[in-house]
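# Report on the structure
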Amino acid sequence: MDHEADAHRTDLMTITRHVLNEQTKHPESRGDLTIFLNHIVLGCKFVCSSVSKAGLAKLLGLSGETNVQGEEQKKLDVLSNEVFVKALISSGRTCILVSEEDEEAIFVDQSKRGRYIVVFDPLDGSSNIDCGVSIGTIFGIYLVKDKDNPMIDDVLQPGRNLLAAGYCMYGCSCTLVLSTGSGVNGFTLDPSLGEFILTHPNIKVPKRGKIYSVNEGNAMNWDEPTTKFVEKCNFPADGSPPRSLRYIGSVVADVHRTLLYGGIFLYPADKKSPNGKLRLPNVIPDGAGWRSSFHWKTKGIMTCLPQSFSIEKTRALDLVPGKIHERSPVFLGSYDDVE
């Protein structure tokens, strides 16, 4: 037995240790956010386990229901939503939950109420579940104005007000990317320990990338500037090499690749979806040095804001949603590419 190697494995930066270290930087902190984030981590571990055995546990396929977006729900969609709702409420730190799978916001009973609002997509990319493509959970955390009198208007805040945000990607490994507003860090789940270990400290997006990511199946419905931009990616007028196209169709996976490798991800408005398709609440925390911007009239809360927060505080984070399931067009990625 390699005792030295085993001893080294106890000197790891787990996500709990990382969050506790961040907490010490704020003497006024009561530890509520730390406790709350631990419940999010628990939900991610549970969903990761369910995703990995979905075929064996007969969790593949449709549930027979549709969500508020009119999309057919998969069995794992329903399970993941229930897991996160219960995990978040049991923390005793939440007051309002807004899930992509539920039409109305959930107001937590006063006996279990805390001061945090959570907007989340329990399982993004669920159309890819049956074929084993990477999928994920997206979340953003706000502070309520008055926990004794929470209102739906408390949810409709700009992304700049996010306390923390991030996503958990379930793929060949389980990776949780988190920002509490001062940098972006990535943690990978070690199945043998049951712990998320810091593997990607202080993530920074390259200033310029070689990849563009877009669903070109919608090209016939794009406006002229979008069409010209994609054409320029394929046929650069300056003689530079063309960009590589990478599109997965799962926002978490496409954004994660962009975060690490640079480039640009776009889901523009078009004739079919003039207000865009992604929910505004689902974008990512500040500090990774990337840029996000919105096209035409920008609307939405669940997918765009948490993921913009993880990249850089820019125009996307200034948007104030008009309703909880608002949508928005989005361009995000390396600073120079978005410019």
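The name that an unreviewed UniProt entry assigns to the protein chain is fructose-bisphosphatase, with the source organism given as Hibiscus syriacus. Database annotation for the protein chain, UniProt heading Catalytic activity (unreviewed entry): "beta-D-fructose 1,6-bisphosphate + H2O = beta-D-fructose 6-phosphate + phosphate". According to UniProt, the comment filed for the protein chain under the heading Sequence similarities (unreviewed entry) is "Belongs to the FBPase class 1 family."

### Some remarks on the overall build of the protein chain
From N to C terminus, the protein chain includes 8 helices and 17 strands. Taking all 339 residues of the protein chain together, 54% fall into the buried category. The contacts of the protein chain with a sequence gap of at least 6 include a subset with a gap of at least 24, amounting to 63%. Of the roughly 15,300 Å² of accessible surface on the protein chain, 52% is carried by carbon and sulfur atoms.

### Some points on the confidence of the model for the protein chain
Confidence along the protein chain averages 83 in pLDDT terms, with 80% of residues attaining 70 or more. Every residue in residues 294–302 scores below 50 in pLDDT, and together they form 64 contacts with partners more than four places removed in sequence or on other chains.

### Observations regarding the packing of aromatic side chains
By the definition in use, this model includes 2 aromatic pairs. Ring centres of Phe36 and Tyr116 lie 5.5 Å apart, and the angle between their planes is 20 degrees; on these two criteria the pair is classed as stacked. Here Phe36 is found in helix H3 (residues 32–52), whereas its partner Tyr116 is found in strand E5 (residues 116–124), with 80 residues between them in sequence. Its relative accessible area of 0% is what places Phe36 among the buried residues. With a centroid separation of 6.3 Å and an interplanar angle of 45 degrees, the aromatic rings of Phe84 and Phe120 are classed as tilted. Taken together, the positions of Phe84 in helix H4 (residues 75–90) and Phe120 in strand E5 put the pair 36 residues apart, joining distant regions of the chain. On the basis of relative accessibility, which here comes to 3%, the residue Phe84 falls in the buried class.

### As for the nonpolar core
The biggest cluster of nonpolar side chains holds 35 residues, and the ones touching the most others in it are Tyr170 and Phe196. Listing elements by their share of this core, those giving two or more residues are helix H2 (15–23), H3, H4, E5, strand E6 (135–143), strand E7 (164–170), strand E8 (174–179) and strand E9 (184–190). By residue number, the principal contributor to this core is H3, which donates 7 residues. Every residue in contact with Tyr170, bar those within four places of it in the chain, is listed here: Cys44, Val47, Cys48, Val51, Phe84, Leu123, Ser134, Ile135, Gly136 and Thr137. Counting 13 residues, the second largest nonpolar core, distinct from the first, contains Ile96, Ala105, Val144 and Val155.

### Examining the sheet that holds strand E10 (residues 195–200)
One open sheet accounts for 8 strands, arranged E4-E3-E5-E6-E7-E8-E9-E10; its pairing is mixed. Pairing within the sheet leaves two strands with one partner each, and these edge strands are strand E4 (106–107) and E10. Of the pairings in the sheet, the one linking strand E3 (residues 94–99) to E4 comprises 2 bridges and is antiparallel in character. Note that in E4 the partner of Leu97 across the bridge is Ile106. Against the sheet, helix H6 (residues 251–261) engages E5, E6, E7, E8, E9 and E10, with an angle of about 105 degrees to E7.

### Some words on the pattern of salt bridges
Under the criterion given, the structure shown has 8 salt bridges. One salt bridge in this structure joins Glu22 and Lys25, with 2.9 Å as the shortest N-O distance. On the accessibility criterion, Lys25 (55% relative accessible area) is exposed. The closest approach of N and O atoms between Arg257 and Asp254, which form a salt bridge, is 3.0 Å. Of the two residues, Arg257 and Asp254 are both situated in helix H6; the distance of 3 residues between them amounts to about one turn of the helix. One exposure class covers both Arg257 and Asp254, and it is buried. Linked through salt bridges whose partners overlap, the residues forming this network are Arg30, Asp32, Arg93 and Arg115.

### What about H6?
The buried count for H6 comes to 9 of 11 residues, which makes it a mostly enclosed element. Among all positions in H6, only Val251, Val252, Ala253, Asp254, Val255, His256, Arg257, Thr258 and Leu259 are buried. Backbone geometry just after H6 places Gly262 at a positive phi near 85 degrees.

### Observations regarding the side chain of Asn81
Along the polypeptide, Asn81 turns up in helix H4. The exposure class of Asn81 is buried, given its relative accessible area of 9%. With sequence-adjacent residues up to four places away left out, Asn81 is seen in contact with Ser99, Glu101, Asp102, Phe120 and Pro122.

### Side note on the pairing of E9
Buried residues dominate E9, accounting for 7 of its 7 residues. Covered by surrounding structure in E9 are Val184, Gly186, Thr188 and Asp190 together with Asn185, Phe187 and Leu189, the residues of both alternating faces. Sheet analysis places E8 next to E9, joined by 5 bridges and oriented antiparallel. Its bridge partner being in E9, Ser179 is matched across the sheet by Val184. Hairpin connection of E8 to E9: 4 residues between the antiparallel strands, including Gly181 at a positive phi of 100 degrees. Note that E9 and E10 share 5 bridges and pair antiparallel. Residue pairing in the sheet places Leu189 in a bridge with Phe196 of E10. Counting the residues in the hairpin turn of E9 and E10 gives 4 residues, including Gly194, whose phi is positive at 70 degrees.

Rules behind the numbers
Residues numbered from 1 in each chain as written. Predicted model: local features only at pLDDT ≥ 70, side-chain atom pairs only at ≥ 80, totals over all residues. Heavy atoms only, no water. UniProt positions renumbered as here; feature names shortened; annotations may be inferred. Helix = DSSP H or I, 4+ residues; strand = E, 2+ residues; numbered from the N terminus. Buried < 20%, exposed > 50% of the residue type's maximum accessible area, 1.4 Å probe, protein only. Contact = heavy atoms within 4.5 Å. Areas by Shrake-Rupley, 256 points an atom, 1.4 Å probe, with all protein chains shown as cover. pLDDT = per-residue confidence, 0-100. Phe/Tyr/Trp six-rings, centres within 6.5 Å; stacked < 30°, edge-to-face > 60°. Core = buried A, V, L, I, M, F, W, Y, C linked by side-chain atoms within 4.5 Å. Pairing = 2+ DSSP bridges. Axes fitted to C-alpha atoms, helices over the stretch in contact; angles between N-to-C directions. Salt bridge = Lys/Arg side-chain N within 4 Å of Asp/Glu carboxyl O.

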